[in-house]
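Residue-level structural notes
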Amino acid sequence: MQITASMRFAALAMISTFLCGAQSPPQGMPASTAARILEQATWGPTAATIADLQSKGFDAWFAAQVAAPITTYPNQPMLNSSGTGFTNLSGVQVQFFENALYNPDQLRQRVAFALSEIWVVSHEGVVSYAAAFPPLLNIFQNDAFGTYSQLMKDVTLNPAMGEYLNMVNNHKSTSTSSANENYGRELMQLFTLGLNVLEPNGNPVLDANNNPIPTYSPKTVTEMSAALTGWTYAPTPTGGVSPNLFSPMVAQQSQHDVSAKMIPFTYPNGTTVNVSLPANQTAEQDLEGALAGIYANPTLAPFVVKQLIQHLVTSNPSPAYIQDVVGVFNTTGGNLQKVVYEILTYSEARNGDSGVANEAGNFGHLREPVLLVENLLRALNGTVFDSSTIYNYTSNLGQSLFNEPSVFSYFSPQYTVATGPTTAALAPEFQLHTTQTAVSRANYIYSAIYNGQLDGSTMFSIANFVTAASTSNAALETLISNTFFHGLMSSSLTTAINTALSDPKTNTATLKAQAALYVALTSSEFQIIH
Amino acid sequence: MFSRRRFIRIGAASVGSLALRNFGLLPAMAQSTSDYKALVCVFLYGGNDSNNTVIPIDLPQATYSEYSNLRASLALPTTSLTTARTAVDGHNYYFHGDLVELANLFTQGNLAVAANVGPLVQPVTRSQISNPAVIPAHLFSHSDQQSEWQTSDPTEQNTPFGWGGRTADQVDLQKFNTSKFPTFMSVTGNDQFGAGVNDQIELNPGGNLNLTGFDYTLAQPRSNAINTLLNTETGLSLAGAANGVMLNSISDAQLLTKALTGVTVTTTFPTTSLGAQLKQVAQIIKARETLGMQRQIFFCSFGGFDTHTVELETHRTLYPQLSQAINAFYTEMNVQSLQNSVTLFTESDFSRTFQPTTGDGSDHAWGSHHMVLGGAVKGNKIYGTFPTFALGMNDDFDTRGRWIPTGSVDQYGAALVNWFGVNASAVFPNLATFGTTNPFSFFS
């Protein structure tokens, strides 16, 4: 059935009525509110997208984002022209940056990227064919507003994940060898449940000795691994190249462990629940049973929700924030569309719309390199051509796109910084932030502003700022504030910019615009998106 | 000129108030020694299957034929091994064939093997391991075991700081170094090993910390403005943390550039990642006097060791890189006449199951064998005890040959730290749990 424009608008009206939260920002919201929402929900606000959100109001804007055409990654060839394996991922990497810069399904892309940072498949040293990545990335794109259980199934059977964590061709144990535990373990530890059971508010449950309680044991890993045996690549189509990296994996019953399995889990209430899979089931039945057993554990929702909040809004969500969103997860069957709506409209996400004073002291998060570069591109009328090597720049900042150093992603959700002599805060992106990368970050900002580019195919324009600078310092500062700080740039940053502008050598509109931008964009006030 | 905010980056630790135990930091003592010492940690990320790194041939509890039988598809034939090496105990050992440079350093007497080391809360036997109170937290989890090797805190409750960082803090208290340049340097990004009260410095191999267009005298208004911002409270704690990192960079950039100017390393290093890291370390060591350093700790890393499948093939790629890079480093230390002053050692998440997986790899295990290299090391020797090569017996955590360690990370680190000139008990508060005899007497 073809979706017509009128059907789409009717659907939008229905969805926005259904979703309308009493507190979601309405039509006519201030530009600063719109800009700040777009900082959280897109790859960066622009004048056009700010105006669009203001005119629609949040609910209709959200519905339009869900309905927007889904960015899709086209298939890559398996072989290069000389007939050897095509392993160069740069084409897919550049597509990512172009999609983020230009395509309208911004929120979906942000959510998909967050999911890819949880369900890690890395090109680094393991999954070498470039062709492995588009089908995987398309799963994240298509499932971004679906259910978490669907995502679990789709990624589990994706061949790139199969290759990365050995879900593919994991044969049942013999008397002298065991089914390998790689996917069975990391599926639980990193993608669904986490190491320790959590309250609905994200706090670890503590035992009588004040210690966290492990969610699973070595036996869980062994039994889970047995349950997940017996999958292989789908048959290669006629004339195609094997392995088939484009279709979901298929069962290979002869390599499936058909013994009875008892998979023990601990639940947040402290009880042990054994997921029992009877003997002689098919690989599909055991897979369904194992995934359902994982999904049924109440600790899954807080484990997943907290990370989504960390990627979109703040590294340190309050227990109340997590619990509220977990409630939505649990009452909607893990519906990510509804979960993301709640993440963005909950008061803790929106309090800062009216000023930093309304945010908790540890609110916000460091812009990860990919987000930083995209924010600059969108704010500075950036252009990315296919020959861009933008991926090398984020790599030098510690984040090589799709080349996570391990299944533990670019950075850990538990990474922590001290914020005082006896206090600490979660700050996952800081795992990439070192004396080296902090300097490189500033130097790339310098290059974008003073050279107008990173490489010749990754370009930035400060023309609007030069025009403002030729009017007055105040006009320049206002434009910087509206573009990068949702209109709420601090007085100390304004003062610092004025100091920079007081240099007698900074005597042209261009030099003024550059100096002001450099001070603003290297400031920690900008680096911490809040 | 700059006020350096010290915001500690403490890695994966529990949030909330940092209950930092008093680790018995010694009162500051000025050092009168004029010798230089450096420790270089090479962390093998993923969990190196050290069962195939060094293989005993004729120990009473562990023979090559038992190895061959049990390791099945993972058993290396003699054609994939070095020639047998006779250690000082009269027993013979193979090394993996692609580690021939390290085997030669072993035979030469400069490389030692520490057998069956791992995080331990206390010495533990197979009958006790079902009691969670006496075994490390989250055994077999990559992130936890990496953390426990780097902090030597197997409970993960006592400290967020690395034992390298704690050692660097002692160096600071004991005033070994004459400048404010950090004692601890990583050439591989962030790490928990160097987390401590004092900040570590991170440098990319071949990199520098110079800010383009920045006037370090602050005479230029734009640079002055930036410096003011870096020292201004915004009310955002993460912004303060970011400021701290940049202030550290600014503090260290000029001295670093000055120290490295004109300093070249003459040995040819492999152009691999580990080669580049160790070459950078060698260059910094060569610049130590300008940097004002008498004691330094370095962190390097090498990943890819999580060999659940096709392990033999993967080691054929990784082990030559490991061996050649370390060999080049030791050669350069000799060129600089510092071989007795610099000790390099390995760590890893864990070793791997003696029994293979159906994919011709191995799963996560526990006790692992490591290498310690330097002119001060009494090499050609195995320190510690190899496990019995039998599945499901006393040395096995379960039935797959996950060896229960017989030496602790505390003991392993203590030997290195004592040689380094810092009191190991100040760094490893749990050391006394393992008794007064340290099997890892690499230096005495």
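To be clear, the structure that these remarks concern was listed above.
These lines cover the structure that appears in this document, whether it is placed above or below. What you see is a predicted model, and the numbers here were worked out from it, not measured in a lab.

Time to look at the overall build of chain B. Of the regular secondary structure elements, chain B holds 11 helices and 14 strands. Its C-alpha atoms give chain B principal-axis dimensions of about 75 × 50 × 45 Å. Across the 444 residues of chain B, 63% fall into the buried class. Taking the intrachain contacts of chain B between residues at least 6 apart in sequence as the baseline, contacts between residues at least 24 apart amount to 74%. Surface exposure of chain B reaches about 14600 Å², of which carbon and sulfur atoms provide 52%.

The subject of this paragraph is the interface of chain A and chain B. Each partner contributes to the interface: chain A provides 71 residues, whereas chain B provides 65 residues. Both sides of the chain A and chain B interface together cover about 5400 Å² of buried area, and 61% of this is carbon and sulfur. Its largest share of buried area at the contact with chain B, chain A owes to A:Ala418, A:Thr435 and A:Gln436, together 12% of the area lost on that side. Between the two partners, chain A and chain B, sit two salt bridges. Inspection of the region where chain A meets chain B yields 29 residue pairs in polar contact (both at pLDDT 80 or more). Breaking the side of chain A that touches chain B down by element, the ones donating at least two residues are helix 10 (182-192), strand 7 (415-418), strand 8 (423-426), helix 19 (435-451), helix 22 (491-501) and helix 23 (509-522) of chain A.

Here we come to the sheet that holds strand 6 (residues 92-95) of chain B. All names here are of chain B. Pairing is antiparallel in the open sheet, where three strands are placed in the order 4-6-5. Strand pairing shows two members of the sheet lacking a second neighbour, strand 4 (54-56) and strand 5 (85-86), which therefore form its edges. Pairing between strand 4 and strand 6: three bridges, direction antiparallel. Its bridge partner being in strand 6, proline 56 is matched across the sheet by tyrosine 93.

A separate point is the pairing of strand 10 (residues 295-303) of chain B. All names here are of chain B. Strand 10 sits mainly inside the fold: eight of its nine residues count as buried. Across three bridges, strand 8 (residues 184-186) lies against strand 10 in parallel orientation. In the strand pairing of strand 10, methionine 185 is matched with phenylalanine 298.

What follows covers the environment of B:Pro77. Residues and elements named next belong to chain B. Position of proline 77 among the secondary structure elements: in the loop between helix 1 (64-71) and strand 5. Judged by its relative accessible area of 39%, proline 77 falls in the partly exposed class. Sequence separation between proline 77 and glutamate 233 is 156 residues, and the spatial gap between their C-alpha atoms is 63 Å.

The next subject is the packing of aromatic side chains. Under the definition given, this model contains 54 aromatic pairs over all chains. Both rings, one in A:Tyr393 and one in A:Tyr444, keep their centres 4.9 Å apart while their planes meet at 75°; by these two values the pair is edge-to-face. In this pair, A:Tyr393 is assigned in helix 18 (residues 390-396) and A:Tyr444 in helix 19, connecting sequence segments 51 residues apart. A:Tyr444 matches A:Tyr393 in its accessibility class, with the two residues each being buried. The lysine or arginine in question, A:Arg110, covers the ring of A:Trp43, its NZ or CZ lying 5.5 Å from the ring centre. When the ring centre of B:Phe140 is taken as origin, the NZ or CZ atom of B:Arg402, which lies over that ring, is 4.9 Å away.

Take the environment of A:Leu372 next. All names here are of chain A. Structurally, leucine 372 can be placed in helix 17 (residues 369-379). Since its relative accessible area comes to 2%, leucine 372 is described here as buried. Between the C-alpha atoms of leucine 372 and threonine 483, which are 111 residues apart in sequence, the distance is 14 Å. Residues in contact with leucine 372, not counting those within four places in the same chain, are Arg367, Leu397, Arg441, Phe526 and Gln527.

What follows concerns the pattern of salt bridges. What the rule picks out here adds up to 17 salt bridges over all chains. The closest approach of N and O atoms between A:Glu181 and A:Arg185, which form a salt bridge, is 3.6 Å. Here A:Glu181 and A:Arg185 have matching classes, each one buried. What you see here is one network of salt bridges that share partners, running through A:Glu181, A:Arg185, B:Asp363, B:Asp398, B:Arg400 and B:Arg402.

We now examine unusual backbone geometry. For the bond running from A:Ser242 to A:Pro243, omega is 5°, close enough to zero to count as cis. On the secondary structure map, A:Pro243 appears in the loop between strand 1 (231-232) and strand 2 (250-251). Of note in this structure, A:Asn166 is not a glycine but carries a positive phi near 65°. Note on placement: A:Asn166 falls in the loop between helix 9 (159-164) and helix 10. Despite not being glycine, B:Phe140 shows a phi value in the positive range, around 80°. With respect to the element layout, B:Phe140 can be found in the loop between strand 7 (111-118) and helix 3 (142-151). The exposure class assigned to B:Phe140 is buried, which follows from its relative accessible area of 1%.

Let us look at the pairing of strand 7 of chain B. All names here are of chain B. Among the eight residues of strand 7, eight are classified as buried, and the element is accordingly described as predominantly covered. As paired strands, strand 7 and strand 12 (residues 368-373) are joined by five bridges and run antiparallel to one another. Within the sheet, the bridge partner assigned to leucine 111 lies in strand 12 and is leucine 373. Looking at chain direction, strand 7 and strand 13 (residues 381-384) are connected through four bridges and run parallel.

Here we come to the nonpolar core. Residues A:Trp119, A:Tyr148, A:Phe484, B:Leu278 and B:Phe329 are the most contacted members of the largest nonpolar core, which totals 245 residues. Each residue touching B:Leu278, except ones within four places of it in the same chain, is listed here: B:Val40, B:Val42, B:Phe269, B:Cys300, B:Ala325, B:Ile326, B:Phe329 and B:Leu344. Among the nonpolar cores identified, the runner-up in size contains 36 residues, and B:Ala376, B:Val377, B:Val417 and B:Phe428 belong to it.

So, on to helix 14 (residues 319-331) of chain A. Residue and element names in this part refer to chain A. Between its first and last C-alpha, helix 14 extends 18 Å over 13 residues, near the 18 Å set by a 1.5 Å rise per residue. Taken residue by residue, helix 14 has Tyr321, Ile322, Val325, Val326, Val328 and Phe329 as its buried positions. For helix 14, the angular spread of the buried residues around the axis is 155°, confining them to a single face. Along helix 14, exposed side chains directed more than 90 degrees from the buried face belong to Asn330 and Thr331. Where helix 14 is buried, its residues contact helix 8 (148-156), helix 12 (283-295), helix 13 (300-312), helix 15 (336-345) and helix 16 (347-350). Glycine 333 sits one or two residues past helix 14 and shows a positive phi near 65°.

Residues and elements named next belong to chain A. The contact between helix 20 (residues 463-471) and helix 21 (residues 473-484) brings their axes to 7 Å, and the two run at 145°. Of the residues in helix 21, those touching helix 20 at Asn464, Phe465, Ala468, Ala469 and Thr471 are Ala475, Leu476, Leu479, Ile480, Thr483 and Phe484. Here the contact of helix 20 with helix 21 is composed, by residue class, of eight nonpolar, three polar and no charged.

Looking now at the packing of helix 6 (residues 106-118) of chain A against helix 13 of chain A. Residue and element names in this part refer to chain A. Between helix 6 and helix 13, the shortest axis-to-axis distance is 10 Å and the interhelical angle comes to 125°. Classified by the angle between their axes, helix 6 and helix 13 sit oblique to one another. Helix-helix and strand crossings are classified by hand; for helix 6 and helix 13 the assignment is right-handed. On helix 13, the residues that touch Arg110, Ala114, Leu115, Glu117 and Ile118 of helix 6 are Gln307, Leu308, His311 and Leu312. Within the contact of helix 6 with helix 13, the residues separate by chemical class into five nonpolar, two polar and two charged.

Criteria and thresholds
Residues numbered from 1 in each chain as written. Chains lettered and ligands numbered in written order. Predicted model: local features only at pLDDT ≥ 70, side-chain atom pairs only at ≥ 80, totals over all residues. Heavy atoms only, no water. Helix = DSSP H or I, 4+ residues; strand = E, 2+ residues; numbered from the N terminus. Buried < 20%, exposed > 50% of the residue type's maximum accessible area, 1.4 Å probe, protein only. Contact = heavy atoms within 4.5 Å. Areas by Shrake-Rupley, 256 points an atom, 1.4 Å probe, with all protein chains shown as cover. Buried area = accessible area lost by both parts, 1.4 Å probe. Salt bridge = Lys/Arg side-chain N within 4 Å of Asp/Glu carboxyl O. Polar contact = N/O pair within 3.5 Å; in protein donor to acceptor, adjacent residues only side chain to side chain. Pairing = 2+ DSSP bridges. Phe/Tyr/Trp six-rings, centres within 6.5 Å; stacked < 30°, edge-to-face > 60°. Lys NZ or Arg CZ within 6 Å of the ring centre and 35° of its normal. Core = buried A, V, L, I, M, F, W, Y, C linked by side-chain atoms within 4.5 Å. Expected span 1.5 Å × (residues − 1). Arc of directions from axis to C-beta. Axes fitted to C-alpha atoms, helices over the stretch in contact; angles between N-to-C directions. Nonpolar A, V, L, I, M, F, W, Y, C, P; charged D, E, K, R; others polar. Parallel < 35°, antiparallel > 145°, perpendicular 65-115°, else oblique. Left-handed = near helix turned anticlockwise from the far one by under 90°.

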